[in-house]
Amino acid sequence: MASTLTNKVVLVTGASRGIGRAIAVAIAAQGARVLVHYGNNGADADGVVAAIRAVGGEADALQSDLAAPDGAEVLAARVKALIGSKLDSLILNAGVSKAAKIEDHTVDAFDNLFNINVRSPFFLVKEMLPLLGDGSNIVVVTSVVAKAVPGNSGQAGVPSIPAYAATKGALETLVKHWASILGPKGIRVNAVAPGVIATDMSNFTKTEGGRQLTLEMQALKRIGTPEDVADVVAFVASDGARWITGASIPVDGGSKL
Ligand SMILES: NC(=O)c1ccc[n+]([C@@H]2O[C@H](COP(=O)([O-])OP(=O)(O)OC[C@H]3O[C@@H](n4cnc5c(N)ncnc54)[C@H](OP(=O)(O)O)[C@@H]3O)[C@@H](O)[C@H]2O)c1
């Protein structure tokens, strides 16, 4: 069976920018109809839709604030209204990060991280379940930091990302449970775990210090791109990956080996 996405319908959360944008474009290039979800940046999402349509692809933009308690419900209702039937692939990519010194972490910032990165995927799976069926799959974008501590975290006074890392660890746990629970229905669930990727989220790679720190922890000596991740997500979402479930696939240039 070919690793193509022809005639599949795929929702990508957080597809207005960065990794999500690249996933939407890669998946559309393989023939899928893509639902381009966004939070605040409607103009950017419209740009992604226009870029996909310009080369003959099919895409629509859908808004929902995934920080809101009803964000998953709102998005699911919009997806159902638009497609009405089966969703072949649910790509849970939207997320936020926050670095701080340990004494500067706040309850609000912690809750915001967990609300967007963990609560919204958890309830999106619940809400989308009626649209998922035999042959559907879920791909969750986690991170290398779920399992390894990046950079020089732990040195006095250096901002670090333990709360963000914990959200990604929670997602990796959920992936295994979802894969086990949904496997008998023929639904695959996998994580794709990027290393440092050049996006708005990781703008520290634009400083010489940040760039050096990143390259030092990787076997491959360049900064990863959104397309490096998107190509793997597109494969995992395709029937070519039909016997892979409950896995976490690192896409990190050999980070922290
Ligand atoms: N960049 C990295 O180095 C890296 C490494 C490992 C894992 N990751 C993970 O990869 C995923 C994508 O990251 P990225 O680097 O592409 O980030 P990004 O460029 O900052 O983009 C984040 C995306 O998430 C959406 N989003 C954020 N908060 C939202 C909210 N409250 N409601 C709805 N949508 C929201 C944004 O939508 P709007 O702009 O429309 O609001 C945007 O499309 C994240 O899960 C991140 O944790 C990134």
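Scope of this entry: the structure provided in the associated data block. This one's a predicted model, so the numbers in the text were calculated from it and none came from an experiment. (Residues numbered from 1 in each chain as written. Predicted model: local features only at pLDDT ≥ 70, side-chain atom pairs only at ≥ 80, totals over all residues. Heavy atoms only, no water.)

1. A word on helix α1 (residues 18–29)
Taking 1.5 Å of rise per residue, twelve residues should cover 16 Å, and α1 covers 17 Å from first to last C-alpha, within 8% of that figure. For α1, every residue scored as buried is listed here: Ile 19, Gly 20, Ala 22, Ile 23, Ala 24, Ala 26, Ile 27 and Ala 28. (Helix = DSSP H or I, 4+ residues; strand = E, 2+ residues; numbered from the N terminus. Expected span 1.5 Å × (residues − 1). Buried < 20%, exposed > 50% of the residue type's maximum accessible area, 1.4 Å probe, protein only.)

2. Quick word on the sheet that holds strand β7 (residues 248–251)
Spatially, seven strands are ordered β3-β2-β1-β4-β5-β6-β7 in an open sheet, and the strand pairing comes out parallel. Every other strand in the sheet has two partners, leaving β3 (58–63) and β7 as the edge strands with one partner each. Adjacent strand axes in the sheet meet at a mean angle of 20 degrees when their direction is disregarded. Inspection of the sheet shows strand β1 (residues 9–12) paired to strand β4 (residues 89–92) by three bridges, in the parallel sense. Counterpart to Leu 11 in the pairing with β4 is Leu 90. This element, helix α4 (residues 107–128), spans β1, β4 and β5 (137–141) of the sheet and lies at about 165 degrees to β4. Relative to the sheet, helix α5 (residues 162–182) contacts β5, β6 (188–194) and β7, its axis offset from that of β6 by approximately 160 degrees. (Pairing = 2+ DSSP bridges. Axes fitted to C-alpha atoms, helices over the stretch in contact; angles between N-to-C directions. Contact = heavy atoms within 4.5 Å.)

3. Section: the site of the ligand
The environment of the ligand is formed by 33 residues, the closest being Asn 40, Asn 41, Asn 93, Tyr 164 and Thr 199. Gly 14 places a main-chain nitrogen or oxygen 3.1 Å from an oxygen atom of the ligand. For the ligand, the accessible surface in isolation is 890 Å², of which the surrounding protein chains cover 94%. Going through the elements one at a time, α1, β2 (33–38) and α5 are the ones with two or more residues in the shell around the ligand. Residue composition of the shell around the ligand, grouped by class: 14 nonpolar, 15 polar and four charged. (Near = heavy atom within 4 Å. Polar contact = N/O pair within 3.5 Å; in protein donor to acceptor, adjacent residues only side chain to side chain. Areas by Shrake-Rupley, 256 points an atom, 1.4 Å probe, with all protein chains shown as cover. Nonpolar A, V, L, I, M, F, W, Y, C, P; charged D, E, K, R; others polar.)

4. Examining the environment of Ser 248
Following the sequence through the fold, Ser 248 ends up in strand β7. Exposure remark for Ser 248: the relative accessible area of 25% places this residue in the partly exposed category. Contact partners of Ser 248, with chain neighbours within four places excluded, come to Thr 142, Lys 147, Glu 172, Ala 191 and Ala 193. Within the structure, the side chain of Ser 248 is placed 2.9 Å from the side chain of Glu 172, a separation counted as a polar contact.

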